[in-house]
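Working through the structure, step by step
Residues per chain, in single letters:
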Amino acid sequence: PEAPAAYIMAGGMLCYVLDDYDTGCRSADRGMTLLKASTSPRRQALCQLLYSMDICCWRSHFEVVAEGFAEAHRKGIETGDFLVASLSAYFYCEAALHAGMELERLEDCIRGYYEGVQRSGLKRVASGLLRLEHLSQTLRNGLGDSGLPEEPGYRNDVWLAWHMSADQSVQEVSACHD
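Not measured: the values here are computed from a predicted model.

Our next topic: the packing of aromatic side chains. Here the structure, examined in full by the defined rule, presents three aromatic pairs. Between Phe69 and Phe91, the ring centres sit 5.5 Å apart and the planes meet at 25°, which makes this aromatic pair stacked. In this pair, Phe69 is assigned in helix H4 (residues 62–79) and Phe91 in helix H5 (residues 82–99), connecting sequence segments 22 residues apart. For the residue pair Phe69 and Phe91, the accessibility class agrees, reading buried in each case.

What follows is the structure in structure tokens.
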């Protein structure tokens, strides 16, 4: 039963440590294929989190990555695996920030997840969510002080345009920031 997670984690290590994205993605894809035979919802939640965190971010736009984290969060809640649910919530918010989600909407999302994470007692994850909220507020305030027109949605359009184009993956974004 541990094979899907092992394949996915091996795939992540191949991507992160050895920069071997082709083999890493194939390994993780094999893990996801094996996962289809699993009847354990908890294992499915964990594997979805690992796959989104270690593999999807290398080849998919952040919006797609965020969807994977949202799915892992739902599965974590359904199975009572609050660690997976909380980590998925944090990474969802982080991916949504990178995807260029409207900052006010992101802050609402963070606050919603924060309450659930607080109740689960995972203080480090809750603290991470607060840091993301602070970053979002800082960005929003910075755009507010930028002298940009006050037209509704204009600052969010500038945020999206500044942040990234609609089809970038982590590899493309990191190349832009080098």
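From this point, the discussion proceeds with the structure in view.
Turning our eyes to something else, we now look at the packing of helix H1 (residues 3–16) against helix H3 (residues 41–59). Relative to each other, H1 and H3 sit at 25°, their axes nearing to 9 Å. Accordingly, the angle class assigned to the pair H1 and H3 is roughly parallel. Note on packing geometry: the crossing formed by H1 with H3 is left-handed. Contacts between H1 and H3 involve Pro4, Ala5, Ile8, Met9, Gly11, Gly12, Cys15 and Tyr16 from the former and Cys47, Leu50, Tyr51, Met53, Asp54, Ile55, Cys57 and Trp58 from the latter. Taken together, the residues of the contact of H1 with H3 sort by class into 13 nonpolar, two polar and one charged.

The next point concerns the environment of Gln118. Mapped onto the elements, Gln118 comes out in helix H6 (residues 103–120). Measuring from C-alpha to C-alpha, the distance between Gln118 and Ser86 comes to 9.2 Å, with 32 residues separating the pair along the chain.

With respect to the helices, strands and loops of the structure, Glu133 is situated in helix H7 (residues 123–144). Residue classification places Glu133 among the buried residues on the basis of a relative accessible area of 12%. Those residues in contact with Glu133 that lie beyond four places of it in its chain are Glu107, Ile110 and Arg111.

A few words on the confidence of the model for the chain. For the chain, the mean per-residue pLDDT works out to 78, and 79% of the residues sit at or above 70. Predicted confidence is poor over residues 164–178, with pLDDT under 50, and the contacts of this stretch with residues over four places away or in other chains come to 23 contacts.

Turning our eyes to something else, we now look at H5. For H5, spanning 18 residues, the distance from its first C-alpha to its last is 25 Å, which sits close to the expected 26 Å at 1.5 Å a residue. Most of H5 sits out of view: 13 of its 18 residues are buried. The first or second residue beyond H5 is Gly100, which carries a positive phi of 90°.

Procedures and definitions
Residues numbered from 1 in each chain as written. Predicted model: local features only at pLDDT ≥ 70, side-chain atom pairs only at ≥ 80, totals over all residues. Heavy atoms only, no water. Phe/Tyr/Trp six-rings, centres within 6.5 Å; stacked < 30°, edge-to-face > 60°. Helix = DSSP H or I, 4+ residues; strand = E, 2+ residues; numbered from the N terminus. Buried < 20%, exposed > 50% of the residue type's maximum accessible area, 1.4 Å probe, protein only. Axes fitted to C-alpha atoms, helices over the stretch in contact; angles between N-to-C directions. Parallel < 35°, antiparallel > 145°, perpendicular 65-115°, else oblique. Left-handed = near helix turned anticlockwise from the far one by under 90°. Contact = heavy atoms within 4.5 Å. Nonpolar A, V, L, I, M, F, W, Y, C, P; charged D, E, K, R; others polar. pLDDT = per-residue confidence, 0-100. Expected span 1.5 Å × (residues − 1).

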